[in-house]
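One-letter residues, chain by chain:
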Amino acid sequence: MSDFFKSSSSSSSPSDMTAKKEAVMNGVRSEIALASAQELINKTNEKCFAKCIAKPGTSLSSSEETCLSRCLERYLETFNIISKTYSARLSREREQRQLNQI
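Residues numbered from 1 in each chain as written. Predicted model: local features only at pLDDT ≥ 70, side-chain atom pairs only at ≥ 80, totals over all residues. Heavy atoms only, no water.

Undergrad: Explain the overall build of the protein here, please?
TA: Summing up its helical and strand segments, the protein has three helices and zero strands in all. When the helices and strands of the protein are listed from N to C terminus, the series reads α-α-α. The burial tally for the protein puts 7% of its 102 residues in the buried class. About 8,800 Å² of surface is accessible on the protein, with carbon and sulfur atoms providing 56% of the total. (Helix = DSSP H or I, 4+ residues; strand = E, 2+ residues; numbered from the N terminus. Buried < 20%, exposed > 50% of the residue type's maximum accessible area, 1.4 Å probe, protein only. Areas by Shrake-Rupley, 256 points an atom, 1.4 Å probe, with all protein chains shown as cover.)

Right, here's the structure in full:
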């Protein structure tokens, strides 16, 4: 990784630098996606626990298990709908930018 931060030498082609830059950007995107997923899970756990567990104990009652399951399903379904909609929007905007460049 230290090679990446060295000043470009005459042996590094622009395409090599572009490939390195893209690799770093992909790594950053992956880390951001992982952090977002972890945050979603943590928030979901907090909210569903607060909603479904009235008296914490050593085990869950049947109604608490059902409530937690439904709560989690709703959060994940909502997240999936929002993610698909956002991805579709980004794709449309990217296509529009490409068309405008032509």
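Undergrad: Got a minute to help me understand the environment of Thr66 in this structure?
TA: Along the polypeptide, Thr66 turns up in helix α3 (residues 62–101). Put simply, Thr66 and Cys52 are 14 residues apart on the chain and 8.9 Å apart in space, counted from C-alpha to C-alpha.

Undergrad: Got a minute to help me understand the state of the cysteines in this structure?
TA: If you walk through the whole model with that rule in mind, you get two disulfides. In this model Cys52 forms its disulfide with Cys67; the gap between the sulfur atoms is 2.0 Å. On the sign convention where negative is left-handed, the bridge of Cys52 and Cys67, at about -70° about the S-S bond, is left-handed. Here Cys67 lies in helix α3 and Cys52 lies in helix α2 (residues 14–52), a separation of 15 residues in the sequence. Regarding the disulfides, the protein carries the connectivity 1-4, 2-3 under sequence-order numbering of its bonded cysteines. (Disulfide = S-S within 2.5 Å.)

Undergrad: Could you clarify how one ought to interpret the pattern of salt bridges in this entry?
TA: Proximity of charged atoms lets side chains of opposite charge pair with each other. Enumeration according to the criterion identifies two salt bridges in this entry. Of the charged contacts in the structure, one is a salt bridge between Arg29 and Glu22, with a shortest N-O distance of 3.5 Å. Given a relative accessible area of 45%, Arg29 falls into the partly exposed group. A relative accessible area of 41% means that Glu22 is categorised as partly exposed. Here Arg89 makes a salt bridge to Glu93, at a shortest N to O gap of 3.0 Å. Residue Arg89 and its partner Glu93 are located together in helix α3, separated by four residues, close to a single helical turn. You can call Glu93 partly exposed: its relative accessible area is 33%. (Salt bridge = Lys/Arg side-chain N within 4 Å of Asp/Glu carboxyl O.)

No statement about biological role is implied by the geometric values presented.
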